[in-house]
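# Examination of the molecular architecture
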Amino acid sequence: MTQTGTIRQSAAPQVRDLALADLRAALIAGVADFRRTPQFGLFFSAVYVLGGFGMLSLGAGHVTWTLATSLGFPLIAPFAAAGLYEVSRRIETGQPLSWRAVLAIVWQERTRQLPWLGAIIVIYFLFWTFLAHMIFALFMGLSTMTNVSDSWEVFLTPTGLTMIAVELVVGAVLAFLLFSLTVVSLPLVLDREVDFVTAMLTSLAVVRQNPAVMLCWAGLVAALTLVALLPWFLGLIVVLPVLGHATWHLYRRALD
C-alpha cells in the first residue's frame, strides 16, 4: 500500500533466505507492536476467544473435538488477521493509527482477494473434517462402540491407538500444507495487488526455500496456540495478536 492507503500494482515478489534469527526478530517485533497498541490486538483476538466460548456453549461435540477445531481459529478468521497486519503495517510506515482507518482497510478487503483465501480455507477444513471421519470409520467402523464421554477404552485398544496415530500424522501433514499456503499469502494480499493464486504460490515458495525455518515457525505457532487454548481460550487474548503482528514482520523479511 501507499502512504495514502491505496493499493499499488505489484510484480511477483522475490523470496529471500531466512534464518532462525529472523523468527526471533519477527516475534520480538510482534510483541512490541502488541505492547504499543494493545487495544487493537485485544479487539481482534476477541473474535477467536468469543468463538471458542460460542462453540462450547452451543455444545459443539466432544470437548476434544472442540479444542482440535479451535486450533483452526487463526486460519479461518482472515479478516481479523488482516486487522492485525494493518496495524503493524501502519506502525512500520509511520502512518496514523485510528479505529476508523484500520477498520476501513479491513472492510475494503471484502472486495479484494481475501474472501477467496477465506473460502479456500473453509473448503480445506471441510475436506479435513471429512477425511478425519473417514479414517475413524475405516478403523473403528466395525468395532463395538461405547459412550466416549463416559469411557475412552475403545481408543486404548491397539486399533484405537493406531487410528489416533494415523489421524495425528495425516492431520499434521494437512496442517503444515495449509500453513504453507497461508503464512505469507494473507499479509501479501493485504499489502500488494496480487491475486490469491499468486499469493498462495508465493507462500509455498517461501516454505520450499526455507523449509527448516518455516517448520520451526509452524511448530512455534502450533505450540503457543495450544498452550493459549488450555486456560479456557483466555491465553488467545495475548498469543494471537502477538503471532499476528509477528507474521507481518516475518512476511516483510521473507519477501523482497
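Residues numbered from 1 in each chain as written. Predicted model: local features only at pLDDT ≥ 70, side-chain atom pairs only at ≥ 80, totals over all residues. Heavy atoms only, no water.

Glancing now at a nonpolar patch on the surface. Taken together, the side chains of Phe127, Phe130, Met134 and Leu138 present a nonpolar region at the surface, about 450 Å² in accessible area. Mapping Leu138 onto the fold places it in helix H7 (residues 114-140). (Patch = residues over 30% accessible without salt bridge, like charges linked within 9 Å, V, L, I, M, F, W, Y side chains within 5 Å. Areas by Shrake-Rupley, 256 points an atom, 1.4 Å probe, with all protein chains shown as cover. Salt bridge = Lys/Arg side-chain N within 4 Å of Asp/Glu carboxyl O. Helix = DSSP H or I, 4+ residues; strand = E, 2+ residues; numbered from the N terminus.)

Position of Tyr85 relative to the elements: it lies in helix H5 (residues 78-93). When the C-alpha atoms of Tyr85 and Trp248 are compared, they prove to be 5.6 Å apart, with 163 residues separating the residues in sequence. Those residues within four positions of Tyr85 in sequence are excluded, and the remaining contacts are Leu186, Pro187, Leu190, Gly244, Thr247 and Trp248. (Contact = heavy atoms within 4.5 Å.)

To continue, consider the nonpolar core. Ranked by internal contacts, the top residues of the largest apolar core, which has 51 residues, are Met214, Trp217 and Leu236. For Leu236, the contacting residues outside a window of four places in its chain are Ser45, Tyr48, Val49, Thr225, Ala228, Leu229 and Pro241. In this structure, Phe125, Ile135, Leu174 and Leu178 belong to the second largest nonpolar core, which totals 11 residues. (Core = buried A, V, L, I, M, F, W, Y, C linked by side-chain atoms within 4.5 Å. Buried < 20%, exposed > 50% of the residue type's maximum accessible area, 1.4 Å probe, protein only.)

Glancing now at H5. Because each turn of an α-helix spans 3.6 residues, side chains separated by three or four positions in sequence point in the same direction. For H5, with 16 residues, the first-to-last C-alpha span of 22 Å sits near the 22 Å given by 1.5 Å per residue. Most of H5 is tucked away: 13 of the 16 residues are buried. After H5 finishes, the residue Gly94 shows a positive phi value of roughly 75 degrees. (Expected span 1.5 Å × (residues − 1).)

Our next topic: the pattern of salt bridges. If you walk through the whole model with that rule in mind, you get 8 salt bridges. With a closest N to O distance of 3.4 Å, Arg16 and Asp256 form a salt bridge. Taken as a pair, Arg16 in the segment before helix H1 (20-36) and Asp256 in the segment after helix H12 (236-254) lie far apart in primary sequence, 240 residues in all. In this structure, Glu92 and Arg252 form a salt bridge, with 2.7 Å as the shortest nitrogen-oxygen distance. In this pair, Glu92 sits in helix H5 while Arg252 sits in helix H12, placing the two residues 160 residues apart along the sequence. A relative accessible area of 33% places Arg252 in the partly exposed class.

The subject of this paragraph is the packing of aromatic side chains. Aromatic ring pairs are described here by two measures, namely the spacing of the ring centres and the angle between the planes. This model, assessed by the stated rule, comprises 7 aromatic pairs. Measuring from ring centre to ring centre gives 5.1 Å for Phe43 and Phe44, while their planes differ by 75 degrees; the resulting arrangement is edge-to-face. You can call Phe43 partly exposed: its relative accessible area is 41%. Each ring, one from Phe176 and one from Phe179, has its centre 5.8 Å from the other, and the planes form 25 degrees; the classification is stacked. Of the two residues, Phe176 and Phe179 both sit in helix H8 (residues 158-182), 3 residues apart, roughly one turn of that helix. (Phe/Tyr/Trp six-rings, centres within 6.5 Å; stacked < 30°, edge-to-face > 60°.)

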